[in-house]
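# Commentary on secondary and tertiary structure
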Amino acid sequence: MDADTVLTTTRSVRRKLDLTRDVPQDVLDGCLRIAQQAPAAGSMAAQFRWLLVRDAGTKAEIARYNRMTAEAAWAKYGHLVERRALESAQHLVHNLERVPVLAIPCMIGRPPADAFSQSAYFGSAYPAIWSFQLALRARGLGSSICGYHLQDHEADVAAVLGIPDDVQQISLLAVAYTTQRDFRPAARPDLASTVYFESWGAADREPVTSGAGPAD
Ligand SMILES: Cc1cc2nc3c(=O)[nH]c(=O)nc-3n(C[C@H](O)[C@H](O)[C@H](O)COP(=O)(O)O)c2cc1C
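Computed from a prediction, not measured in an experiment: that's the story for all the values here.

## Describing the site of the ligand
- Residues in contact with the ligand, as listed here, are Arg-11, Ser-12, Arg-14, Ala-89, Tyr-126, Ile-145, Cys-146, Gly-147, Tyr-148 and Arg-188.
- One nitrogen or oxygen atom from the side chain of Arg-14 is found 2.9 Å from an oxygen atom belonging to the ligand.
- Burial of the ligand by the protein chains amounts to 57% of its free accessible area of 620 Å².
- In terms of residue class, the shell around the ligand is made up of 5 nonpolar, 2 polar and 3 charged.

Right, here's the structure in full:
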């Protein structure tokens, strides 16, 4: 699978996770080694950890907290979400304990308050998370972020897993082989509505002289 294909077809997989197939640790290790190559801001690199959960009882406890928050959120905001996306999210939440591996990326130290430090903090986690997801995809596995419990049950899940108070769970990923190999690029906004040139809101693709041409 070439790089562009992996980059454009790594979807959030929820319904097509194979809940019956074991995920060998050496396959996960290969993906985690690739994730370790992701960029991270200076000292933050040393603060990042993965916690992998396979135990059925532990997954059931995590899933229960995840479900409590998700269902409360859907009761309030479910009507704002596209029906297909909602049903897909619901499917995963209702089957989370059956997913072979739950991967929880964590950062030692709580999130800082200012935008610069927040950028370094979360920006030192998500490149690794995405690299992990891409590496899974390249090996016939899939994943979806499913972090509902972070809203009001992060401490409960931390207690289940023995995570210390000063460690932040960044997210939670459901990881499994996928029941199909082919995934397509998703519909996304076109560049004209999301890319500006030179000033905010300017979407015209007029050629602009950069002034950086050859000296002669
Ligand atoms: C930071 C972040 C948090 C997310 N949280 C959830 C989540 O809690 N539950 C879920 O079903 N999907 C979650 N997602 C996945 C998005 O819903 C998904 O990326 C989006 O629906 C687009 O679908 P695609 O990934 O297949 O392109 C999250 C994605 C990101 C990047």
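## Concerning the nonpolar core
- In terms of nonpolar packing, the biggest core is built from 27 residues, with Ile-62, Leu-96 and Leu-102 touching the most fellow members.
- At the level of elements, α3 (56-77), α4 (83-95), β2 (101-108), α7 (154-161) and β5 (173-177) are the ones that each hand at least two residues to this core.
- At 5 residues, α3 tops the list of elements feeding residues into this core.
- Not counting chain neighbours up to four residues away, the residues in contact with Ile-62 comprise Val-53, Leu-102, Ile-104, Val-157, Leu-161 and Leu-172.
- Grouped together as the second largest cluster of nonpolar side chains are 24 residues, Leu-28, Met-44, Ala-103 and Tyr-177 included.

## Quick notes on the pairing of strand β3 (residues 141-145)
- Within β3, 4 of the 5 residues are buried, leaving the element largely enclosed by the surrounding structure.
- Where β3 meets β5, 5 bridges bridge the pair, whose relative direction is antiparallel. The partner of Ile-145 across the bridge, within β5, is Leu-173.

Conventions adopted
Residues numbered from 1 in each chain as written. Predicted model: local features only at pLDDT ≥ 70, side-chain atom pairs only at ≥ 80, totals over all residues. Heavy atoms only, no water. Near = heavy atom within 4 Å. Polar contact = N/O pair within 3.5 Å; in protein donor to acceptor, adjacent residues only side chain to side chain. Areas by Shrake-Rupley, 256 points an atom, 1.4 Å probe, with all protein chains shown as cover. Nonpolar A, V, L, I, M, F, W, Y, C, P; charged D, E, K, R; others polar. Core = buried A, V, L, I, M, F, W, Y, C linked by side-chain atoms within 4.5 Å. Buried < 20%, exposed > 50% of the residue type's maximum accessible area, 1.4 Å probe, protein only. Helix = DSSP H or I, 4+ residues; strand = E, 2+ residues; numbered from the N terminus. Contact = heavy atoms within 4.5 Å. Pairing = 2+ DSSP bridges.

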